[in-house]
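Working through the structure, step by step
As a plain string of letters, each chain reads:
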Amino acid sequence: MSSAGPARHLTARRVAAVTVSLVLAGGAAACGPKDGADKAGSGAKPGAAGGAPQKGGTLSVLNSEPQSDFDPARLYTSGGGNVPSLVFRTLTTRNREDGPAGTKVVPDLATDTGKPNADATEWTYTLKDGLKYEDGSPITTADIKYGIERSFAAELSGGAPYLRDWLVGGESYEGPYKDGGKGLDSILVPDAKTIVFKLRKPEGEFPFVATQTQFAPVPRAKDTGVTYEEHPVSSGPYKVVKNDNDGEHLTLERNEHWDEKTDEERKAYPDRIDVRSGLDAAVINQRLTTSSGPDAAAVTTDTNLGPAELARIGDSADKNELAGRVGTGHFGYVNYLAFNPKVAPFDNPKVRQAISYAINRTSVVNAAGGSALAEPATTFLPEREAFGFTPYDHFPAGKTGDPAKAKQLLAEAGFPDGVTVTLTHSTAQNRQTSPEVATAVQQALAAAGITVKLEGLENNAFNEKRWDVKNTPGFFLSRWGADWPSGAPFLAPIFDGRQIVTNGSNYNHAQLNDPAVNAEIDEIAKLTDLAAAGKRWGALDKKIGEQALAVPLFHPVYKRLVGKDVKNVVISDWTGVLDVSQVSVK
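Report follows, based on the coordinates. (Residues numbered from 1 in each chain as written. Predicted model: local features only at pLDDT ≥ 70, side-chain atom pairs only at ≥ 80, totals over all residues. Heavy atoms only, no water.)

So, the sheet that holds strand β6 (residues 187-191)
- Read across the sheet, four strands follow the order β4-β5-β7-β6 without closing on themselves; strand pairing throughout is antiparallel. The two strands at the open ends of the sheet, each matched to only one other strand, are β4 (115-116) and β6.
- Where β6 lies against strand β7 (residues 194-198), three bridges are found, and the strand directions are antiparallel. Within the sheet, the bridge partner assigned to D191 lies in β7 and is T194.
- Most of the contacts of helix α3 (residues 141-150) go to β6, to which it runs at about 165 degrees, and overall it touches β6 and β7. (Pairing = 2+ DSSP bridges. Helix = DSSP H or I, 4+ residues; strand = E, 2+ residues; numbered from the N terminus. Contact = heavy atoms within 4.5 Å. Axes fitted to C-alpha atoms, helices over the stretch in contact; angles between N-to-C directions.)

Now the structure itself:
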């Protein structure tokens, strides 16, 4: 796990990759979709009808956000993201299967997920035979080493931060443009097929990090620095033939030198991928709903359905057909109430416990879009085995809260007549940290004698304030998503005291610096048995939860439409969204 600094912009980048773009046409109410849409969408597998998937055709991708920074050094989306993973292969990748099976890490360019030494401070990989770039030249381990090294260059900032913290010497390395050809000593390439990584501390989850696009090979002779993103050299099933306006319109065509025998994960059915961005979310969903012309073979990799849209699907004359095209996914994510225990009255554990009892999760879930889009949470870890989920509810408040218990605790805390607090939230219309959720919290706490004043801030100002350890509010809405499906990137950035950042973005809102917690994080990081590690992450989550340093509210659910001709839709629990590498349009 990363320590101070590296994971700082994880949330912002990760959120950008998967955040819900809710479209509340017609004035969305704080209610969930009607039963028809909800039930039809839940657990449904769109794209299952119409026969076996076949090769051919053009897949259209309709997105809000452009696929910018199309350089493997600069990308920061788990496993390389959807579209990038069509062009960039990495040492390992995510298993491209539905549901929980999709949380597994599997080999990609490498023959296995890596061989650790005895204490997991050294990892060795061997490349498969027959790997080639789009120009037919062989892929070597020297290219992977170079690809990683260039991700340290200041000119190519923005990628996943872990290697700077994990690799020996990574903290001071400035990349190949300034090293005089010396390279990073902690990455060894004894031959063209072997690569060895030397870490400064045990990291049992190194195979997960090896899924990041920084592990994609880059031939030194073809590196053009900051302009490499315009035509990166493909190691995957597709190559870039057009990239207009920094990813606003991206066109991919087959890489004829990609050999499917070396790639068990990407199906690569379409001949061509056409990615258009900068579209309004409402337009994307309307085009997918109508599904006419090329839009019948279209998907989106960044735009969800909102509650009003799901309700309209439930009301439509062809609701069964539409609902059959809605995919449901879960990403490792939690929305929660955060406390700064250094600010009164939140320095009193009984006040934090009172708020934990007072929360009405039913009204919060409704504010977040309804039960189809949000699942109530009492644990910090998502309810998925891969994260090490262990159920607990230290402050059982039922579905609608326990104001009587909350009042009792407030009295014990010295506030028999109630207390007035300020809740800071974002004004962004995201139904996660937005006014709807803040208002639901305000109303729930009022029943317990807690008067909540709302402080709404524009999104950038909100983020700056909640991440500024010197000015962190006492009580605010927050959220967190993990880079890979494990407890490590979920708990360590939030509760490891050594990751408190005093000059930069701090995500340990509670500023917890408990030696026992820190030591347990280190001990779990040593484990290469991920199942065993998962159990300890779950136990640690449960132990930390006793302190009421946060109030988990809900885990979001993603609902996305696909065009009527799209087949073989796969939605894993790693990304929570459709895997574009599996889609067929024939």
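Examining the pattern of salt bridges
- The tally for this structure, following the rule as stated, stands at 33 salt bridges.
- Close ionic contact of R74 with D69 constitutes a salt bridge, the shortest N to O distance being 3.8 Å.
- Two residues, D185 and K182, come together in a salt bridge whose shortest N-O distance is 2.9 Å. The residues D185 and K182 share a single accessibility class, namely exposed. (Salt bridge = Lys/Arg side-chain N within 4 Å of Asp/Glu carboxyl O. Buried < 20%, exposed > 50% of the residue type's maximum accessible area, 1.4 Å probe, protein only.)

Side note on α3
- With nine of its 10 residues buried, α3 lies for the most part within the structure.
- All of the buried residues in α3 are T141, D143, I144, K145, Y146, G147, I148, E149 and R150.
- Structurally, α3 contributes buried residues whose contacts are with α4 (162-166), β6 and β7.

Here's the deal with unusual backbone geometry
- Residue P345 is reached from A344 by a cis peptide bond, and omega for that bond is 0 degrees.
- With respect to the secondary-structure elements, P345 resides in the loop between β13 (333-339) and α9 (349-358).
- A positive phi angle, close to 55 degrees, is found at S291, a residue other than glycine.
- Of note, S291 is situated in the loop between α6 (281-290) and β11 (298-299).

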